[in-house]
Amino acid sequence: MNQVPAKPEGVDESVWQQMLAASPLEARKLIRQGAFAAPTSGLCPGYAQANLIVLPREQAYDFLLFAQRNPKPCPLLEVTEVGSRQANICATDCDIATDFPRYRIYRNGVMTEEVTDVSEYWRDDLVSFVIGCSFSFESDLIEAGIEMRHNTMGRNVPMYLTNIACKPAGMMSGNMVVSMRPLPPEQIVPAVQLSGAIPSVHGAPVHIGDPALIGIKDISKPDFGDPVDIYPGETPVFWACGVTPQSIVMNVKPEFAITHAPGHMLITDTKNVNLRG
């Protein structure tokens, strides 16, 4: 199925065409130059995309343990050396501080800034956690003829804070965030099978059906991202989401943290086929 994502609002047409044709390295360079600062869903199909949380060394061990205990929302692709801005495993020529389209700065659990470059915020005590993203398996679903509604609408994927508690670790605790894609009934099983084959980018859904059962009061009002149309007869399907660390940060309130802006991912050099379980 040829499902070219719609251009996000505010993106220059020529830049969008470059991004659609870009390799992961070329896409990162456009982002690093400040040319592209929009959601990355649908770009560089076949390559894994990644979420981010950056924490001071004091909190890094607790988060590493948290990620190990909660691999569904926090599948680790890479953990950097203390103070390093370079990713070395999931990508090459990759600067953590510049190669995500947008970042969020949290201070004591409150988001204080959203920026396109965090170089000026970088500290020698920071540790970066690069976390698998569900945008990665979308190309497999699209090839199977499954529409990604947020792509065809030119929107960010809708994400919701749930009542699903994560397993605590040290100071880290809080509830899972999920992303949602509406599907017709006949596409749910193949979507589960295809996404389930790649656990390193969240794997199979964590919930299918009634949003209220996982604490979502109004599906038309996501906590992160944008709402999408749900057509009659479609079922909302929910995957664990790498925005979960932002839920944890807001809950436990570390003095400082950097995250990606939801939907604005790192495009890695890692191919999905190499992440299959």
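See above for the structure.
All residue numbers refer to position in the chain's written sequence, counted from 1. Selection of residues for local features in this predicted model requires a pLDDT of at least 70, selection of side-chain atom pairs for listing and counting requires 80 or more, and totals for whole chains, interfaces and linings are taken over all residues. For the side-chain quantities, the full set of heavy atoms in the structure was used; hydrogens and water were omitted.

## Quick notes on the environment of Ile105
Our working definition: The helix and strand labels rest on DSSP assignments: H or I over at least four residues marks a helix, E over at least two residues marks a strand, and numbering proceeds from the N terminus. Burial here depends on accessible area, computed with a 1.4 Å probe over protein chains only, as a share of the maximum for the residue type. Under 20% is buried, over 50% is exposed, and the range in between is partly exposed. Whether two residues are in contact is decided by their heavy atoms, any of which lying within 4.5 Å being enough.
Note on placement: Ile105 falls in strand E3 (residues 103-107). In this structure Ile105 comes out as buried when scored by relative accessible area, which is 0%. Along the sequence, Ile105 and His260 sit 155 residues apart, while their C-alpha atoms lie 8.7 Å from each other. Ile105 has contacts with Val110, Met111, Thr112, Glu113, Val118, Tyr121, Phe256, Ala257 and Ile258, leaving out every residue within four places of it along the chain.

## A word on the packing of aromatic side chains
What describes a pair of aromatic rings is the distance from one ring centre to the other and the angle between the planes of the rings. Quick reminder of the rule: Only Phe, Tyr and Trp rings take part, Trp by its six-membered ring, and two of them pair if their centres are within 6.5 Å. Stacked means planes under 30 degrees apart, edge-to-face means over 60, and tilted covers everything else. Counting as a charge over the ring demands two things of the Lys NZ or Arg CZ atom: a distance within 6 Å of the ring centre and an angle within 35 degrees of the ring normal.
One pass over the full model with this rule turns up six aromatic pairs. Ring centres of Trp16 and Phe36 lie 6.2 Å apart, and the angle between their planes is 20°; this geometry places the pair in the stacked category. In this pair, Trp16 sits in helix H1 (residues 13-21) while Phe36 sits in the loop between helix H2 (24-32) and strand E1 (47-56), placing the two residues 20 residues apart along the sequence. Residue Trp16 is classed as buried on the basis of its relative accessible area, which comes to 3%. Accessibility expressed as a relative area gives 1% for Phe36, which makes it buried. The structure contains a cluster of three or more aromatic residues connected by ring pairs, namely Phe63, Phe66 and Phe129. Seen from the ring of Tyr231, Arg149 lies directly overhead, with NZ or CZ sitting 3.9 Å from the centre.

## So, the sheet that holds strand E8 (residues 207-208)
Selection criterion: Two strands form a pair only when DSSP identifies at least two bridges running between them.
Reading across the sheet, the four strands line up as E6-E7-E9-E8 and stay open at both edges, with antiparallel pairing between neighbours. In the strand order of this sheet, the two ends are held by strand E6 (159-165) and E8, each with one partner. Where E6 and strand E7 (residues 175-183) come together, four bridges link them in antiparallel fashion. Paired with Met159 across the strands is Ser179, a residue of E7.

## Section: empty space enclosed by the protein
Where we set the bar: Method remark: on a 1 Å grid restricted to protein atoms, a set of points is classed as a cavity if a 1.4 Å probe fits but cannot get out and as a pocket if it is open with protein on both sides within 12 Å along at least five of seven lines; lining residues have an atom within 4 Å of a point. Grid points are joined across faces, edges and corners, and a volume is the space filled by probe spheres set on the points. The nonpolar class holds Ala, Val, Leu, Ile, Met, Phe, Trp, Tyr, Cys and Pro. Asp, Glu, Lys and Arg form the charged class, and all remaining residues, Gly among them, are polar.
By the definition in use, this model includes two cavities of 30 Å³ or more. As for the largest cavity, its lining consists of Pro5, Ala6, Pro8, Trp16, Pro39, Ser41, His150, Asn151, Gly154, Arg155 and Asn156. When grouped by side-chain class, the residues that make up the lining of the largest cavity number five nonpolar, five polar and one charged. What lines the second largest cavity is Asn51, Cys133, Ser134, Phe135, Val157, Met159, Ser179, His202, Cys241, Gly242 and Met265. In terms of residue class, the lining of the second largest cavity is built from six nonpolar, five polar and no charged.

## Notes on the pairing of strand E10 (residues 257-260)
What you see with E10 is no split at all: Ala257 and Thr259 on one side and Ile258 and His260 on the other are buried throughout. When E1 meets E10, the two strands line up antiparallel, connected through two bridges. When the sheet's bridge partners are listed, Ile53 is paired in E10 with Thr259.

## Brief notes about the packing of H1 against H2
Note the threshold: Angles run from 0 to 180 degrees between N-to-C directions of axes, and those axes are lines fitted to C-alpha atoms, restricted for helices to the stretch in contact. If an angle is under 35 degrees, it is roughly parallel; if it is over 145, roughly antiparallel; if it lies from 65 to 115, roughly perpendicular; otherwise it is oblique.
With their axes 8 Å apart at the nearest point, H1 and H2 run at an angle of 150° to one another. In terms of orientation, H1 lies roughly antiparallel with respect to H2. Contacts between H1 and H2 involve Gln18, Met19 and Ala21 from the former and Glu26, Ala27, Leu30 and Ile31 from the latter. Counted by class, the contact of H1 with H2 contains five nonpolar, one polar and one charged residues.

## Details of the pattern of salt bridges
Note the cut-off: For salt bridges, the criterion is a side-chain nitrogen of Lys or Arg within 4 Å of an Asp or Glu carboxyl oxygen.
A complete count under the given rule lists 12 salt bridges for this structure. As a salt-bridge pair, Asp95 and Arg85 come within 2.6 Å of each other at their nearest N and O atoms. Of this pair, Asp95 sits in the loop between strand E2 (76-79) and E3 while Arg85 sits in the loop between E2 and E3, placing them 10 residues apart in sequence. Of the residues examined, Asp95 reaches a relative accessible area of 11% and is grouped as buried. The exposure class of Arg85 is partly exposed, given its relative accessible area of 25%. Residue Arg181 is joined to Glu138 by a salt bridge in which the shortest nitrogen-to-oxygen separation is 3.0 Å. One end of the pair, Arg181, is in strand E7; the other, Glu138, is in helix H4 (residues 135-143), and 43 residues separate them in sequence. When its relative accessible area of 1% is taken as the criterion, Glu138 is described as buried.

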